[in-house]
Amino acid sequence: MTGRLDALIVRATVRIGPEGEPDTLWGSGFFVAPGWVLTCAHVLPPRARGGHRTILRVRGHNGLDVRAATAYWLDGTDPEQDLALLRVTDPVDHVCVRLTDRYDPPLAVTAHGWRSPGGGPPQRWSGHTECNGKDGAHGLTLAPLVEIPHGASGGPLLDRERGLVAGVVKARRANKDGGLAVATTALRGFRRALPVGDESSLGADPYAALIRAHDVWHERVRGGQAWVKAQQELCGGGARRWTPRDSAEACALLAALPRPDSPAQLQELIERVLGDEPLWEDERAPHDWRDGQGWLYDHAEGADVVSLHYLRVVAHACAARAPEAAARLERWVAERAGQLPDHLRALLLNVTASAPAPWAAAPHPTAAEEPGGFSAAVYEPGPAPEDAAEHDDGPVVAVELEPDLFRPHDRFHWRIWTWTGGQDTARAVDEDTDGEGASLAELPHVLNEPLTRTFGLLDTGRRARLELAVPVDHFGVDVHLWRPGPVARSLKPHPADRPFGVHRQVVLRCLKRRGEPTDVWRERWRGIAEGTPKALPVPSPAVAAQTLGQAPPGAVPVLCRPPAESTEPLTRAIGAGYGVMLWNLRGEHTHGCGPDCERLHDKAAELLGSTSRATALPERLRALRERVSRCEEDAYWAEDLALLYDDPRRPIPLCDDLLESP
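Student: Break down the overall build of the protein chain for me, citing the residues and quoting the values.
Tutor: Looking only at helices and strands, one finds 17 helices and 22 strands in the protein chain. Counting the 662 residues in the protein chain, one finds 56% classified as buried. Counting contacts in the protein chain only where the partners sit at least 6 residues apart, residues at least 24 apart contribute 68% of the total. Carbon together with sulfur atoms contributes 51% to the accessible area of the protein chain, which is approximately 27,900 Å² in total.

Structural data, given as structure tokens:
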């Protein structure tokens, strides 16, 4: 039975309408966190769904009647983006529903909401039905066992078996019973929700702030409003070893921790805990610690064992950034592990505690050695953003461009790789499926969507670096001038809408260097990584032939001739093992070098001489490009500067499935 939960969900479900018209029903909604109401965006009038703050009324159980304002909404036309958050502006005591953290859809459900029968005063409504399918990444179809009335859109969908709200009622289907709901996993889209007006109360990541406030409320509330108590009564004990109380307490402890460095870091941690790669869809991939917990139910070893393992690894991951909160989670895991059989408790606590820190590099085979895939090594977090310019262990997105077999100069096939840490974290996340390939001119448009999605997984306070791996013949590509597609955030320019080279590190790599690095490449890399790099001027192919092979390991070639004039110096430098190199993308040398070349060599020598280690160069160059974008004339010399940054510690894996046209 769900009698107690039905009573609580009635108290949490509200109707939404305008001020001064108590019998006008726009739609339904429900409290998800203290002071926050979730609803469907389409129930609000058009003026309330854009950037204009709209005041409205939220009415519900026992005379609840308070003012609220539109606060956040999702910008999109897909049905599953039809969500909005309202912030209650009057103080009020209310019940919050408990949202599911599971990924699998419910079966038996009850839809709740309000309706206005015959145009009369609004009244409560509910209907039992089943989820009989999916529609898109977050859409849930409802079986034709109930007719969803007008006005119920925005209400909660209760999973009757688990006692959790699994979705938001969206719409009835035209000319038939049943309808559509939006799964609660769609709330992850609020990571990039659009604030209404000057709304900022949920900070930079509205999803994380909302879900953490939700989890803290459910852990703290007691008495008649305690949803978890009612859920516990529904689910009972028996063989269910991971109880609603366990889940609620764990989620509240996770809410006290700092957010994961990136979704990619979290996803690799889950893969490490499960020992296998979860096959999630991009849109439903986990973003916060609570989301990770939702992947661990129904595991063959028992949800309690796997969940406690996950929580302990999370505590280790956050120990440096939040020692007190991580220690509280560790203590809770140890206490809860006392309910396990002796051999499982010993395995969980003793072995894990004596093992290396969970974020340390694990002894996995290299990507080239592991058949058919790439190691799921745990992410070793990098430095704080303020130190990012002096280090190089942040996230990387690399685009590998393979020339078409029959049109090597005109068409390319692509694959996107990511690294969140060392070599063992390499993974291919997307690739070309068009046998025709794409031209260099088409690539910025073709790659916009997959790059946007991939950066969204890796970007944190420090944006992921973009690396383009191409043949030396194409080292003249202006990848730093590529830019994301139109975002339309506002009329004011947004930093992320500028060329990539301005707001993130952008470097080139040599496609020839797939797989295991050569000894000479490693040696030269050590030479520049362990000390101040020194400029090696290369004004001509003749000088390249004489000097590149004999230069000391710490040398960085600086070429004033662009690749369009000659690729011979670049080819020689690659053959001589150089992993870092600077060159001019434009320039004219019909009459030899001129004042511009001399200035380039002088400025490059000054740049390298003021750089403590070569690993800082990608960020130093990005900062120069940003200064160029701000029209600072003393940075203009670097406008056409390109950087080879070929790190042998993270080589592009040698994949058996080469990018070739059919």
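Student: Quick one: what's the story with unusual backbone geometry, residue by residue and with numbers?
Tutor: Leaving glycine aside, a negative phi is the common case for residues, and trans is the common case for peptide bonds. A positive phi angle, near 55°, is found at N62, a position not held by glycine. Within the element layout of this structure, N62 appears in the loop between β4 (55–59) and β5 (65–73). Although it is not a glycine, C631 sits at a positive phi angle of roughly 65°. With respect to the helices, strands and loops of the structure, C631 is situated in the loop between α17 (617–629) and β22 (641–645). Under the relative-accessibility criterion, C631 is labelled exposed at 55%.

Student: An account of the side chain of R625 is requested, with residue identities and associated values reported.
Tutor: Topologically, R625 is positioned in helix α17. At 8.1 Å, D478 is the nearest oppositely charged side chain to R625, a buried residue that forms no salt bridge. Among all residues touching R625, those that are not within four sequence positions of it are H480, G501, V502, V506, L641 and A642.

Student: Before we move on, could you go through the environment of R345 and cite the residues and values that matter?
Tutor: Looking at where R345 falls in the secondary structure, it is placed in helix α9 (residues 342–354). Considered as a pair, R345 and V305 are 40 residues apart in the sequence and their alpha carbons are 8.5 Å apart. For R345, the side chain forms a polar contact with the main-chain oxygen of L340, separated by 3.2 Å.

Student: Describe in detail the pattern of salt bridges, supporting the description with residues and values.
Tutor: Scanning the entire structure with this criterion turns up 47 salt bridges. Among the ionic pairs, D104 bridges to R162, the shortest N-O distance being 2.9 Å. With D104 in the loop between β6 (84–88) and β7 (108–115) and R162 in the loop between β10 (156–159) and β11 (164–172), this residue pair connects regions lying 58 residues apart in the sequence. In this structure D104 comes out as partly exposed when scored by relative accessible area, which is 31%. Of the charged contacts, one joins D215 and R290 as a salt bridge, the two residues approaching to 2.9 Å between their closest N and O atoms. Taken together, the positions of D215 in helix α2 (residues 206–220) and R290 in helix α6 (residues 289–293) put the pair 75 residues apart, joining distant regions of the chain. The structure contains a network of salt bridges with shared partners spanning R498, E619, R622, E626, R627, R630, E632 and D634.

Student: Hey, could you go over the sheet that holds β10 for me, with residue numbers and the actual values?
Tutor: Strand order in this closed barrel of six strands is β7-β8-β9-β12-β11-β10, and the pairing throughout is antiparallel. Sheet twist, expressed as the mean angle between neighbouring strand axes with direction ignored, is 45°. For β7 and β10, the ladder comprises three bridges, and the chain directions are antiparallel. Note that in β10 the partner of V109 across the bridge is D159. Running at roughly 165° to β10, helix α1 (residues 3–12) makes contact with β7, β8 (123–135), β10 and β11 of the sheet.

Student: So what's going on with the confidence of the model for the protein chain? Residues and values would help.
Tutor: The share of residues in the protein chain with pLDDT of 70 or more is 87%, and the mean pLDDT across the chain is 84. With pLDDT under 50 throughout, residues 352–390 is counted as low confidence; its partners more than four residues away or in other chains account for 78 contacts. Segment residues 657–662 is flagged for pLDDT under 50; beyond a separation of four residues in sequence, or across chains, it makes 17 contacts in the model.

Student: Lay out the packing of helix α3 (residues 227–235) against helix α4 (residues 244–255) in plain terms, naming residues and giving numbers.
Tutor: When two helices pack together, you describe them by how their axes are tilted relative to each other and by the distance separating the axes. With their axes 8 Å apart at the nearest point, α3 and α4 run at an angle of 145° to one another. Taking contact as the criterion, the partners of V228, K229, Q231, Q232 and C235 in α3 are, on α4, P244, R245 and A248. For the contact of α3 with α4, the per-class residue count stands at four nonpolar, two polar and two charged.

Student: Can you lay out the packing of aromatic side chains for me, pointing to particular residues and giving the numbers?
Tutor: This structure, assessed with the given rule, holds six aromatic pairs. Geometry around F455 places R504 over its ring, the cationic atom sitting 3.6 Å from the centre. One cation-aromatic arrangement involves R513 over W521; the distance from NZ or CZ to the ring centre is 4.6 Å.

Thresholds, definitions, all that
Residues numbered from 1 in each chain as written. Predicted model: local features only at pLDDT ≥ 70, side-chain atom pairs only at ≥ 80, totals over all residues. Heavy atoms only, no water. Helix = DSSP H or I, 4+ residues; strand = E, 2+ residues; numbered from the N terminus. Buried < 20%, exposed > 50% of the residue type's maximum accessible area, 1.4 Å probe, protein only. Contact = heavy atoms within 4.5 Å. Areas by Shrake-Rupley, 256 points an atom, 1.4 Å probe, with all protein chains shown as cover. Lys, Arg positive; Asp, Glu negative; His and termini not counted. Salt bridge = Lys/Arg side-chain N within 4 Å of Asp/Glu carboxyl O. Polar contact = N/O pair within 3.5 Å; in protein donor to acceptor, adjacent residues only side chain to side chain. Pairing = 2+ DSSP bridges. Axes fitted to C-alpha atoms, helices over the stretch in contact; angles between N-to-C directions. pLDDT = per-residue confidence, 0-100. Nonpolar A, V, L, I, M, F, W, Y, C, P; charged D, E, K, R; others polar. Phe/Tyr/Trp six-rings, centres within 6.5 Å; stacked < 30°, edge-to-face > 60°. Lys NZ or Arg CZ within 6 Å of the ring centre and 35° of its normal.

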